[in-house]
Structure formats: structure tokens, C-alpha cells
Amino acid sequence: MIKNITIIGGSVAAWLAAVVFTKKKYHVNIFEGDSNSFGSQQISPNGWLALNQICNIEHVEPIFEPFNTIHIKKINSEQTLEFLTNYDLINKVSNYGSISREDIIEIFKTQALKSKRVKIYSSKIDHIVANGLNKELLDSEGRLFESDFIIGADGVNGISRKFVVGSKKNTGFKKIFRAVSLDNNPYQLTKRMLQILIHSEGYYVIYPTIIKKKKATNYIFVPNKNNTTPPKFLNSTLLYLIPNELHWISTHVQKNLKEKTSIYKQGTFLFGDAAFPTLPHLAQGGNQILEDAVFLKKFLEHSDNLDELVNSFIRARYLKRDLISKKSELIGKLLSSKNLTGHIRNFAIQSNGKDLIDNFLNPIWTS
Ligand SMILES: Cc1cc2nc3c(=O)[nH]c(=O)nc-3n(C[C@H](O)[C@H](O)[C@H](O)COP(=O)(O)OP(=O)(O)OC[C@H]3O[C@@H](n4cnc5c(N)ncnc54)[C@H](O)[C@@H]3O)c2cc1C
């Protein structure tokens, strides 16, 4: 029976897996790699429910910034904001809000490290070599490790996905910009509200958050084209919300999701973005990893057969993950459409936005 596992990665998925496995008395070696926990992420009602099952929610509440409503607006050519629709969240089954990536990783890490069975290596894994039942890992410091069972939680560009899936063909990357402001003005304008602002060059997602115990505003700009940068504004009202001096950081997310792949090969089980690369238009990547972790936790409560765990996980989670990828892609296309399709989209949001959001998001939030 396997009781030693290796986790590759040091972000949300890796530390969530560490929480789940240490709880069942596994010995865990975790290779953290570099830290890239910038900005915040949305926790939707399904993510909040999952968080409740993974960690003590009293630790989360002080660093969680709740939203009461979603507003969808259009930035028109005169740089003024035109309201399209709003969607109230207060009566939803559970909380919706934001949390800083650094804080959420810290919560999982603290919880996992309560167990004395975790060993952290602050190096990267450069190679996974599998010869039959034996698996060897070579880290960036030239050390060789053996492992019976590997959890590849090193993201979409990690070594684990390359090992399990092989090199990818026809893959494109979508550029996305992120920024954080600690100014009070934008925070006051977006307090309790998630705003989606549609612009001719792309769309913004803006919401309040808490970064290093300070009230902050989190920004995402998704350009329609990879070579577009976040627009600069002249309109003073708009500048309160989106100051020109924001320090934008760009990131690339995988675009081609059509490929059918496996998430397991020779004792290496992909988890998180490494398993299911998801475009971020629905803000579900991290929320789904939380749901995945709840699945693992529940399975391990009645069995320690890791082969069966992998099979059950694929049966239980693959279809939902696939559906969310497709929905996310569709939302991305809709939000970036221009001209006639853009006008139809705006008209549909203005006339029927609440029902559209309800029909689209509720099945995801109430899983
Ligand atoms: C712009 C944007 C906005 C988003 N907004 C949301 C949101 O609001 N809500 C939400 O739920 N999700 C959101 N997501 C998705 C969410 O961020 C991801 O799903 C989540 O971060 C994936 O976590 P992960 O741990 O699987 O991978 P990653 O966060 O990519 O972490 C992988 C880790 O592995 C480490 N690593 C890489 N290679 C190695 C190696 N060889 N050895 C050791 N370690 C290695 C890296 O340093 C990194 O720490 C968003 C994504 C983007 C891009």
C-alpha cells in the first residue's frame, strides 16, 4: 500500500493536495518551485462550499472580501460607462467574493504543515523518469528522488503535464493582464461589486479584495488580440476606477482546449491546471480545483487504493471540467465580439441579462 507521495508544484492545487493527503496520514514530499501568487481570485458559491469542507472557514473569513452584486457595463467611444445589467448575489446559496492568492495558499500550507509528515523542497523538478514501476525525479539541484505516486500540480506549463500528455501541437496562448491597486478611490467605486466592463479592445474584470491586510482593487484586462495592451483613458471619472498608472503584469493562458488528453500516466496523476487547463473567462479554474480536492478528500475517507482514486476522479470530474472549459471559451468569445455580434450581445444583456446569468452560472455554482 502506497503511503509516500510526491507533489510537484507550490500553488493552490499543490497545497490543496497536500492538505487532503496529509489528513489521511500520507508522507508528502512537496517540490514548491517558484512562487507566482500575484493578485486575487474570485471564490464563487461552489468554491466557498468546497472551502468549507477543506479548511476552517473562520481562518478564511477575515481575508475574504464579499461581493453583493455583479454589474456589467460598456465603455463607449466617449469613454463613459453605459450600464447594461446587474445581478444580485445576496440571496444566493453561499458567499461570492475574492481572496488574495498568497493568502489562500498560506491557509492551505499552514493546514498541511500541521502534519509532521510533510517535507518541503524549494527546488523545481526538471525530469520525471519512469522505468516500469519505478519513478525517479531529478530536481534543479541535481538530486535524484524515488517516488511511488506523483501528483503533478505544477500548472499548465509544468513538467508533469509534459510527461503525461506529451509535447503539445497546435497550442496557442492568450495574453491576459492583471493589476492591483491599493488606492482608496477605485476601492470605494467597486466596493461589494464585481464589475465587467466591455471595451472595444477587450474587457475588464474589476473587484475589491484584501491584499496584505489592506483594502485593494483587483484588475484583469482580457484583450481581444494578443498584441493589444490595456487602453489609457482621458475621462476623469473612468480614471478614478481604472487609473492610467496601474502596473499591469501580463500572463499567458493556454488557448487550444480541443485536445483530448489523459490526466494519468505511470503513477503520475495531474491535478489542478496541469490536468484541466481552463481559460479564465468564468473564473472557475481555482474554484474547480477546490471541488476536485473535496472529491479526493471524500474518496480517501473510505479507500486508500490510489489507482481506484484516479479512475473514480476521472469518472466523477472529467465531464464537468470539460463542460466548464467549453462554457468559459464561449463566454470569452461573447465578451470579445465586436460589431454586429457585439451589439446583439449588449442588447441581450440589457434586455435579459439576469436570466442569462442565472441560466449560465447557477448550474456551475450549485454543483
Ligand atoms: C487572469 C486569471 C484570472 C483568474 N481568476 C480566477 C478566479 O477569479 N477564480 C478562480 O477560481 N480561478 C481563477 N483563475 C484560475 C486560477 O488562477 C488557476 O486555476 C489556478 O491558479 C491554478 O492553480 P495550480 O496550482 O493548478 O497552477 P499554478 O497556479 O499555475 O501553479 C503551478 C505551480 O507549480 C510551480 N511549478 C511549475 N513547474 C514546476 C516544477 N518543475 N517543479 C516544481 N514546481 C513547479 C509553479 O512555480 C507554480 O507555483 C484565473 C487565472 C488567470 C490566468
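Keep in mind it's a predicted model, so treat the numbers as computed, not measured.

**As for the environment of Lys24**
Turning to step 1, where the next piece is worked out: Examined against the element boundaries, Lys24 turns out to sit in the loop between α1 (12-23) and β2 (27-31).
Turning to step 2, where the next piece is worked out: Given a relative accessible area of 30%, Lys24 falls into the partly exposed group.
Turning to step 3, where the next piece is worked out: Along the chain, Lys24 and Ser100 lie 76 residues apart, while their C-alpha atoms are 28 Å from each other.
Turning to step 4, where the next piece is worked out: Ignoring sequence-local partners within four residues, the contact set of Lys24 consists of Lys3, Leu300 and Glu301.

**Quick notes on empty space enclosed by the protein**
Turning to step 1, where the next piece is worked out: One pass over the structure, following the stated rule, counts one cavity of 30 Å³ or more.
Turning to step 2, where the next piece is worked out: The volume enclosed by the largest cavity comes to roughly 40 Å³.
Turning to step 3, where the next piece is worked out: What lines the largest cavity is simply Tyr204, Pro230, Pro231, Lys232, Ile242, Pro243, Asn244 and Trp248.
Turning to step 4, where the next piece is worked out: Its residues assigned to classes, the lining of the largest cavity comprises six nonpolar, one polar and one charged.

**Structural notes on the domain arrangement of the chain**
Turning to step 1, where the next piece is worked out: Along its sequence, the chain is organised into domain 1 (4-36 + 102-169 + 260-330) and domain 2 (58-98 + 172-255 + 332-365).
Turning to step 2, where the next piece is worked out: Each of domain 1 and domain 2 was reduced to a C-alpha centroid, and the two centroids are 29 Å apart.
Turning to step 3, where the next piece is worked out: Each partner contributes residues to the interface: domain 1 has 21 residues there, and domain 2 has 21 residues.
Turning to step 4, where the next piece is worked out: A buried area of about 1700 Å², summed over both sides, lies between domain 1 and domain 2, and 59% of it is on carbon and sulfur atoms.
Turning to step 5, where the next piece is worked out: If you sort the residues of domain 1 by the area they bury against domain 2, His281, Lys327 and Leu330 come out on top, with a joint share of 30%.
Turning to step 6, where the next piece is worked out: Here domain 1 and domain 2 share one salt bridge between them.
Turning to step 7, where the next piece is worked out: In this structure, the salt-bridge partner of Glu102 is Lys212, at a minimum N-O distance of 3.2 Å.
Turning to step 8, where the next piece is worked out: In this assembly, domain 1 and domain 2 are joined by nine residue pairs in polar contact (both at pLDDT 80 or more).
Turning to step 9, where the next piece is worked out: Those elements that provide at least two residues to the side of domain 1 that touches domain 2 are α4 (101-112), α8 (285-302) and α9 (306-336).
Turning to step 10, where the next piece is worked out: Ranked by residue count, the leading element in the side of domain 1 that touches domain 2 is α9, at six residues.

**So, unusual backbone geometry**
Turning to step 1, where the next piece is worked out: Residue Lys25 is not a glycine yet carries a positive backbone phi of 65 degrees.
Turning to step 2, where the next piece is worked out: Its identity is not glycine, yet Lys213 carries a phi of approximately 70 degrees, on the positive side.
Turning to step 3, where the next piece is worked out: With respect to the element layout, Lys213 can be found in the loop between β15 (202-211) and β16 (214-223).

What counts, and where the lines are drawn
Residues numbered from 1 in each chain as written. Predicted model: local features only at pLDDT ≥ 70, side-chain atom pairs only at ≥ 80, totals over all residues. Heavy atoms only, no water. Helix = DSSP H or I, 4+ residues; strand = E, 2+ residues; numbered from the N terminus. Buried < 20%, exposed > 50% of the residue type's maximum accessible area, 1.4 Å probe, protein only. Contact = heavy atoms within 4.5 Å. 1 Å grid on protein atoms, 1.4 Å probe; cavity = no way out; pocket = protein on both sides within 12 Å on 5 of 7 lines; lining within 4 Å. Points joined across faces, edges and corners; volume = space filled by probe spheres on them. Nonpolar A, V, L, I, M, F, W, Y, C, P; charged D, E, K, R; others polar. Domains from an automatic or database assignment. Buried area = accessible area lost by both parts, 1.4 Å probe. Salt bridge = Lys/Arg side-chain N within 4 Å of Asp/Glu carboxyl O. Polar contact = N/O pair within 3.5 Å; in protein donor to acceptor, adjacent residues only side chain to side chain.

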